[in-house]
Amino acid sequence: MVVNHEKLKEVLVQIAKNAGANDYESEILADSIVDAELRGMSSHGLVRYPSYMNRIKQGMYATDVEPGAEKDEGAMVLLDAQNGLGAPMAMKAMEVAIERAAKYGISLVGMNHANHFGCGSYYTQYAAQKGMISFIIANANAWVAPYGGAKKKLGTNPLGFAIPNGDKSPFLVDMATS
């Protein structure tokens, strides 16, 4: 099926707003979902959207929240996502990282009480477009059995990075470690 991605984004934004997300949360969530689909990473695209919306409606994800600083040491910041939607909270963290790196030459931003944020390349590419080298990591629950094992013991523990490449597309890596 062929779908206009701009039209799809408009629909997803409206669905998120109807579920209780504010404008910023709705835009970032929809954009990250469409970006995943356009990259061929459908495991982090539309298939996740109903779950995100259900979790908002069930009160499992908070909406209309801003991450607060638990610790702020200049170039190093630890944010509290307040159980907000993963994609908007991750973008807020990346925005802080970019701002602090511009000021201090380097930054490290961590986040507690966060949720699934989708493809890491969405955020690292954003930083690369701002001229920044970026690195993103996340922990994950056990989903994978180790080699030779029968029980799930390892998280996917994704990581990604992006390096600006002048006028060309940035060099991107987005992968699970498992």
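One can find the structure itself at the top, above this paragraph.
Residues numbered from 1 in each chain as written. Predicted model: local features only at pLDDT ≥ 70, side-chain atom pairs only at ≥ 80, totals over all residues. Heavy atoms only, no water.

**Re the pairing of strand β7 (residues 159–165)**
Link 1 in the chain: Pairing of strand β4 (residues 134–137) with β7 involves four bridges; the strand directions are antiparallel. Residue pairing for β7: isoleucine 136 is matched across the bridge by glycine 160.
Link 2 in the chain: Two strands pair when backbone bridges link them, and β7 and strand β8 (residues 168–175) are joined in this way by six bridges, in the antiparallel orientation. Bridge pairing in β8 links asparagine 165 to lysine 168.
Link 3 in the chain: The antiparallel hairpin formed by β7 and β8 contains two residues in its connecting segment, where glycine 166 sits at a positive phi of about 60 degrees. (Pairing = 2+ DSSP bridges. Helix = DSSP H or I, 4+ residues; strand = E, 2+ residues; numbered from the N terminus.)

**What to know about unusual backbone geometry**
Link 1 in the chain: You will see that aspartate 64, though not glycine, has its phi angle at about 55 degrees, which is positive.
Link 2 in the chain: In this structure, aspartate 64 sits in the loop between α3 (49–57) and β1 (68–72).
Link 3 in the chain: Non-glycine residue histidine 113 carries a positive phi angle of around 55 degrees.
Link 4 in the chain: Along the chain, histidine 113 falls in the loop between β3 (108–112) and α5 (120–129).

**Describing the sheet that holds β3**
Link 1 in the chain: Taken in spatial order, the three strands make up an open sheet running β1-β2-β3, and their pairing is mixed. The strands lining the two open edges of the sheet, one partner per strand, are β1 and β3. Put simply, the sheet's adjacent strands are angled 25 degrees from each other on average, direction ignored.
Link 2 in the chain: In terms of strand pairing, β1 meets strand β2 (residues 76–80) through four bridges, oriented antiparallel. (Axes fitted to C-alpha atoms, helices over the stretch in contact; angles between N-to-C directions.)

**Focus on the sheet that holds β7**
Picture the strands of a sheet paired through backbone hydrogen bonds; they go either parallel or antiparallel.
Link 1 in the chain: Spatially, β4-β7-β8 is the arrangement adopted by the three strands of the open sheet, whose pairing is antiparallel. Only two strands of the sheet have a single partner each, and these edge strands are β4 and β8. Direction aside, neighbouring strands of the sheet carry axes that sit 10 degrees apart on average.

**Topic: the packing of helix α1 (residues 5–19) against helix α2 (residues 23–38)**
Link 1 in the chain: Running from N to C, α1 and α2 point in directions that differ by 140 degrees, and their axes come no closer than 8 Å. One way to sum up the angle between α1 and α2 is to call them oblique. Relative to α2, α1 is oriented so that their crossing is right-handed. Taking contact as the criterion, the partners of His5, Leu8, Lys9, Leu12, Val13, Ala16 and Lys17 in α1 are, on α2, Asp23, Ser26, Glu27, Ala30, Asp31, Ile33, Val34 and Leu38.
Link 2 in the chain: Per-class residue counts for the contact of α1 with α2 are eight nonpolar, two polar and five charged. (Parallel < 35°, antiparallel > 145°, perpendicular 65-115°, else oblique. Left-handed = near helix turned anticlockwise from the far one by under 90°. Contact = heavy atoms within 4.5 Å. Nonpolar A, V, L, I, M, F, W, Y, C, P; charged D, E, K, R; others polar.)

**So, the nonpolar core**
Link 1 in the chain: Membership of the largest hydrophobic core comes to 30 residues, with the highest contact counts inside it found for Leu12, Leu29, Tyr49, Met53 and Tyr123.
Link 2 in the chain: Secondary-structure elements contributing two or more residues to this core are α1, α2, α3, α4 (86–104) and α5.
Link 3 in the chain: The contact partners of leucine 29, leaving out residues within four places of it in the chain, are Tyr49, Tyr52, Met53, Leu85 and Ala87. (Core = buried A, V, L, I, M, F, W, Y, C linked by side-chain atoms within 4.5 Å. Buried < 20%, exposed > 50% of the residue type's maximum accessible area, 1.4 Å probe, protein only.)

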